[in-house]
Amino acid sequence: PLSSPGPQQHPNPNAISSSSREDASEQRTMAAFILSVICSEYPLGQSECINEKLHTTCSVLLQTLESPEENERKEAERNLTPQFRMWLLICLGNLTKDNAMAQVELFSRGV
């Protein structure tokens, strides 16, 4: 005999957003890691990342942690995990290591 399907089960929307947030956080961290490797002791990689304004992006992200606006700061604290922050800083370090032009560029922009 055919039975009617039971009530359709929908996953908890909060669980989805939590899982999605974790996935996004992990992907951001992996991207920062990959960019830090591209900049590591590779002048062409450093140059291309400077041309694409990676230093500006990293700086803006890190500066949101110091926002005077409480909501923006809390959102940044949720999105910028300690691991992600670490790789952003390593990326900035690799971007300027042994590269005087990159150092001048970052310094001139206040990074």
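Here the structure is a predicted model, which is why all the values come from computation and not from measurement. (Residues numbered from 1 in each chain as written. Predicted model: local features only at pLDDT ≥ 70, side-chain atom pairs only at ≥ 80, totals over all residues. Heavy atoms only, no water.)

A.B. asks: Got a sec to walk through the packing of aromatic side chains? Specific residues and values, please.
C.D. replies: Under the defined criterion, the tally for this structure stands at one aromatic pair. Seen from the ring of Phe 84, Arg 28 lies directly overhead, with NZ or CZ sitting 6.0 Å from the centre. (Phe/Tyr/Trp six-rings, centres within 6.5 Å; stacked < 30°, edge-to-face > 60°. Lys NZ or Arg CZ within 6 Å of the ring centre and 35° of its normal.)

A.B. asks: Quick one: what's the story with the nonpolar core, residue by residue and with numbers?
C.D. replies: Of all hydrophobic cores here, the largest spans 17 residues; its most connected members are Leu 54, Leu 80, Leu 88, Leu 92 and Leu 95. Counting only elements with at least two residues in this core, the list comes to α1 (13-39), α2 (43-51), α3 (54-63), α5 (82-96) and α6 (100-108). Ranked by residue count, the leading element in this core is α5, at five residues. Sequence-distant contacts of Leu 54, defined by excluding residues within four places in its chain, comprise Leu 35, Cys 39, Cys 49 and Cys 91. (Core = buried A, V, L, I, M, F, W, Y, C linked by side-chain atoms within 4.5 Å. Buried < 20%, exposed > 50% of the residue type's maximum accessible area, 1.4 Å probe, protein only. Helix = DSSP H or I, 4+ residues; strand = E, 2+ residues; numbered from the N terminus. Contact = heavy atoms within 4.5 Å.)

A.B. asks: Break down the environment of Leu 92 for me, with residues and values.
C.D. replies: Here Leu 92 lies in helix α5. In sequence terms Leu 92 and Cys 39 are 53 residues apart; their C-alpha atoms lie 8.5 Å from each other. The contact partners of Leu 92, leaving out residues within four places of it in the chain, are His 55, Cys 58, Leu 62, Leu 106 and Val 111.

A.B. asks: If you had to explain the pattern of salt bridges to someone new, which residues and values would you point to?
C.D. replies: In the structure shown here, the tally under the stated rule is three salt bridges. Among the salt bridges present, the one from Lys 97 reaches Glu 41, with a minimum N-O distance of 3.6 Å. In this pair, Lys 97 sits in the loop between α5 and α6 while Glu 41 sits in the loop between α1 and α2, placing the two residues 56 residues apart along the sequence. Note on Glu 41: relative accessible area 62%, which makes it exposed. Between Glu 75 and Arg 78 there is a salt bridge whose closest N-O contact spans 2.5 Å. A residue pair is termed a helical-turn pair when its members lie 3 or 4 positions apart in one helix, as Glu 75 and Arg 78 do in helix α4 (residues 70-79) at three residues. Classification of Arg 78 by relative accessible area gives partly exposed; the value is 44%. (Salt bridge = Lys/Arg side-chain N within 4 Å of Asp/Glu carboxyl O.)

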